[in-house]
Amino acid sequence: MSMLAVNLIKILVTLTLFGFLGYLARAMIGQVAAPPADPPGKPVRTIRLHAPATTDPAPVADGFELEVVTGDGPLRRISLLGRMVIGRTTAADICLDDDLLSATHMALEVAEGAVWVEDLGSRNGTVIDGKRVTGRIRVRPGSTLAAGRTRVTLR
C-alpha cells in the first residue's frame, strides 16, 4: 500500500473520530442546557394548581369548571377562570404529573360566554370527544378532553 493511501486512511479515521466526539459534545450540551419539565423526585399523579381547586361535588355558582382525572388518581374540580394552561411544567396554571403531556400542552379560555380549547403544539396531541384537535376549538359543557393519561370534563 502506498504512503499516500495510508495517510488518507489516517486522515479519514481522524476526521470520523472528531466528528463523533463533536456529536457527543452537542448531545451532552443539549441535555444539560434544557431544563427538565419538573424537578426529579416528584410524587406520582399530583396536580399542582395556580387556581382554586376543590373536591366538593357542588357546582360552581357562576362560570365553568373542569373535572380533572389523571391516570387512576382522584377527581379534582377546578374553576375555569380566564385563560388557563395545562401541562407538566410548574409554570402551567394546572400542572399535572402525566409524562405523556407536553410542558405546556393545551390552553383553556373562557371568552364570549364559551370555553375555547387550544392545543399548544403538543407532541401527543389533544383529543376532544374522540376527535384530535390541532388548533383552537369551542367546546360545550359535558365535552371530554383527553391528553396523555389525563381526562378533563367541562362542566
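Residues numbered from 1 in each chain as written. Predicted model: local features only at pLDDT ≥ 70, side-chain atom pairs only at ≥ 80, totals over all residues. Heavy atoms only, no water.

J.: What exactly am I supposed to notice about the pattern of salt bridges here?
T.: Proximity of charged atoms lets side chains of opposite charge pair with each other. Throughout the structure, instances matching the rule amount to eight salt bridges. The closest approach of N and O atoms between glutamate 67 and arginine 77, which form a salt bridge, is 2.6 Å. Of this pair, glutamate 67 sits in strand β3 (residues 64–70) while arginine 77 is found in strand β4 (residues 76–80), placing the two residues ten residues apart along the sequence. Of the two residues examined, glutamate 67 and arginine 77, each falls in the buried class. With a closest N to O distance of 3.6 Å, glutamate 118 and arginine 83 form a salt bridge. Here the residue glutamate 118 occupies a position in strand β8 (residues 114–119), and arginine 83 occupies one in strand β5 (residues 83–87), the gap between them amounting to 35 residues. On the basis of relative accessibility, which here comes to 26%, the residue glutamate 118 falls in the partly exposed class. We classify arginine 83 as partly exposed; its relative accessible area is 41%. A single salt-bridge network, built from bridges that share partners, covers Glu65, Glu67, Arg77 and Arg155. (Salt bridge = Lys/Arg side-chain N within 4 Å of Asp/Glu carboxyl O. Helix = DSSP H or I, 4+ residues; strand = E, 2+ residues; numbered from the N terminus. Buried < 20%, exposed > 50% of the residue type's maximum accessible area, 1.4 Å probe, protein only.)

J.: I tried to follow unusual backbone geometry on my own but got confused; where do I start?
T.: For residues besides glycine, phi is generally negative; the peptide bonds are generally trans as well. Backbone geometry at glutamate 112 places phi at a positive 55 degrees, although glycine is not the residue there. By the element assignment, glutamate 112 lies in the loop between β7 (106–111) and β8. Of the residues examined, glutamate 112 reaches a relative accessible area of 74% and is grouped as exposed. One non-glycine residue, aspartate 129, lies in the positive phi region at around 50 degrees. Examined against the element boundaries, aspartate 129 turns out to sit in the loop between β9 (126–128) and β10 (131–133). Residue aspartate 129 is classed as partly exposed on the basis of its relative accessible area, which comes to 47%.

J.: Mind showing me how you'd approach the side chain of serine 122 here?
T.: Note that serine 122 resides in the loop between β8 and β9. Polar contacts involving the side chain of serine 122 include one to the side chain of histidine 105, which spans 3.3 Å. Sequence-distant contacts of serine 122, defined by excluding residues within four places in its chain, comprise Ser102 and His105. (Polar contact = N/O pair within 3.5 Å; in protein donor to acceptor, adjacent residues only side chain to side chain. Contact = heavy atoms within 4.5 Å.)

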